[in-house]
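# Structure assessment
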Amino acid sequence: MKTLKIAIQKSGRLNEKSVELLKNCGLNFENYKSSLISPVSNFPLEILFLRDDDIPEYVQDGIADMGIVGENVIQETEVQVSYLQKLGFGRCSLKIAIPNTEHYTSLSDLNGKSIATTYPVKLGKFLRSHGIESEIRTISGSVEISPGLGLADAICDLVSTGGTLKSNGLRPYADVMSSEAVLIGRKGSENEELIKELIQRVQSVLRAKETKYVVLNAPKDNLEAITNLLPGVKSPSVVPLAEEGWVAVHTVIPERDFWDRISQLKQAGAQGIVVMPIEKIIL
Ligand code: PRP
Ligand code: ZN
């Protein structure tokens, strides 16, 4: 069997969460900051630590079978890779930002201005679609300092907390795209079975994150009203309590409507509600 390779960001916004996700998938590996490749001891997989901007091309060209990278980087490099799964972390947006001292009122104020960026493809498409003609200055990093240095009138860069813009006297002006981390794969990889297995593991971790395990006590008479509020994975488990007329109900509840559900359950007579995190859900 060929060893599968997955590329993740070596350092930066996505590194920590990518490592955490792979560890939660039950993969054992060392996360040495100095090494570029880490073998996984309990799965035929190697982890490559790379610059995020290079990951889509490495996956396309077969140097890695899979990768974790921001959607924005994939669209920028215009590579042919398969989107396997959105990962729900690394959310950010690509924005045009201008110095705090400027008072532009509409997008057309960017006509004839220069914009520094490491994302010329996305920016170019955005400007064309709005009929704006600006000069795009492609640079390789530290974009946020270019207006201060007089290199450009504006910038187009990723914004997550907004801290980088703020500390450089810039403010967001227009949204170009929003992005999050995604799992990508090489089209036509010969390691299809292993890739499938890894995708399943990733999905079971993501599913678990969106769900809580709930145990509650209920009077038998209210059981129907309570179970109607609880779809569970299949249907809730109901266990008799030592006290006559009472049962314990075990189930899972989606994180998104969690508090609404809990107050409905209380109204329906549920007591002693215990909520626990879930590690994995395998369907
Ligand atoms: C992006 C961007 C900014 C920073 C913005 O860098 O270039 O430097 O994140 O984040 P903030 O709004 O939270 O301050 P990225 O992590 O993509 O690293 P890279 O530029 O080295 O690829
Ligand atoms: Zn980057």
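Please read all numbers here as calculations on a predicted model, not as lab measurements. (Residues numbered from 1 in each chain as written. Chains lettered and ligands numbered in written order. Predicted model: local features only at pLDDT ≥ 70, side-chain atom pairs only at ≥ 80, totals over all residues. Heavy atoms only, no water.)

So, on to helix α7 (residues 192–209). For α7, with 18 residues, the first-to-last C-alpha span of 26 Å sits near the 26 Å given by 1.5 Å per residue. All of the buried residues along α7 are Leu-194, Ile-195, Leu-198, Ile-199, Val-202, Ser-204, Val-205, Leu-206 and Ala-208. (Helix = DSSP H or I, 4+ residues; strand = E, 2+ residues; numbered from the N terminus. Expected span 1.5 Å × (residues − 1). Buried < 20%, exposed > 50% of the residue type's maximum accessible area, 1.4 Å probe, protein only.)

Attention shifts here to the coordination of the zinc ion (ligand 2). On the protein side, the zinc ion (ligand 2) has Asp-52 (OD), Asp-52 (OD) and Asp-53 (OD) as donor atoms, found 2.5 to 2.8 Å from it. When its relative accessible area of 11% is taken as the criterion, Asp-52 is described as buried. (Donors = N, O, S within 2.8 Å, 3.2 Å for Na, K, Ca; no water.)

On to the pairing of strand β9 (residues 154–159), then. Here β9 lies mainly inside the structure; 6 of its 6 residues are buried. In the sheet, strand β6 (residues 92–99) pairs with β9 via 5 bridges, with the strands oriented antiparallel. Paired with Lys-95 across the bridge in β9 is Asp-157. Across 3 bridges, strand β7 (residues 114–117) lies against β9 in parallel orientation. If you follow Thr-117 over to β9, its bridge partner there is Cys-156. (Pairing = 2+ DSSP bridges.)

The 5 strands lie next to each other as β8-β7-β9-β6-β10, forming an open sheet whose pairing is mixed. Each edge of the open sheet is held by one strand with a lone partner, namely β8 (135–138) and β10 (170–179). If you compare each strand with its neighbour and ignore which way they point, the axes differ by 30° on average. (Axes fitted to C-alpha atoms, helices over the stretch in contact; angles between N-to-C directions.)

A word on the packing of aromatic side chains. Aromatic ring pairs are described here by two measures, namely the spacing of the ring centres and the angle between the planes. Summed over all chains, the structure comprises 2 aromatic pairs. When the ring of Tyr-104 is compared with that of Tyr-173, the centres are 5.7 Å apart and the planes differ by 85°; the resulting orientation is edge-to-face. Placement of the pair is Tyr-104 in the loop between β6 and β7 and Tyr-173 in strand β10, with a sequence separation of 69 residues. For Tyr-104, a relative accessible area of 12% translates into the label buried. Judged by centre distance (5.0 Å) and plane angle (80°), the rings of Phe-258 and Trp-259 are edge-to-face. Here Phe-258 falls in the buried class, since its relative accessible area comes to 6%. The class for Trp-259 is exposed, based on a relative accessible area of 66%. (Phe/Tyr/Trp six-rings, centres within 6.5 Å; stacked < 30°, edge-to-face > 60°.)

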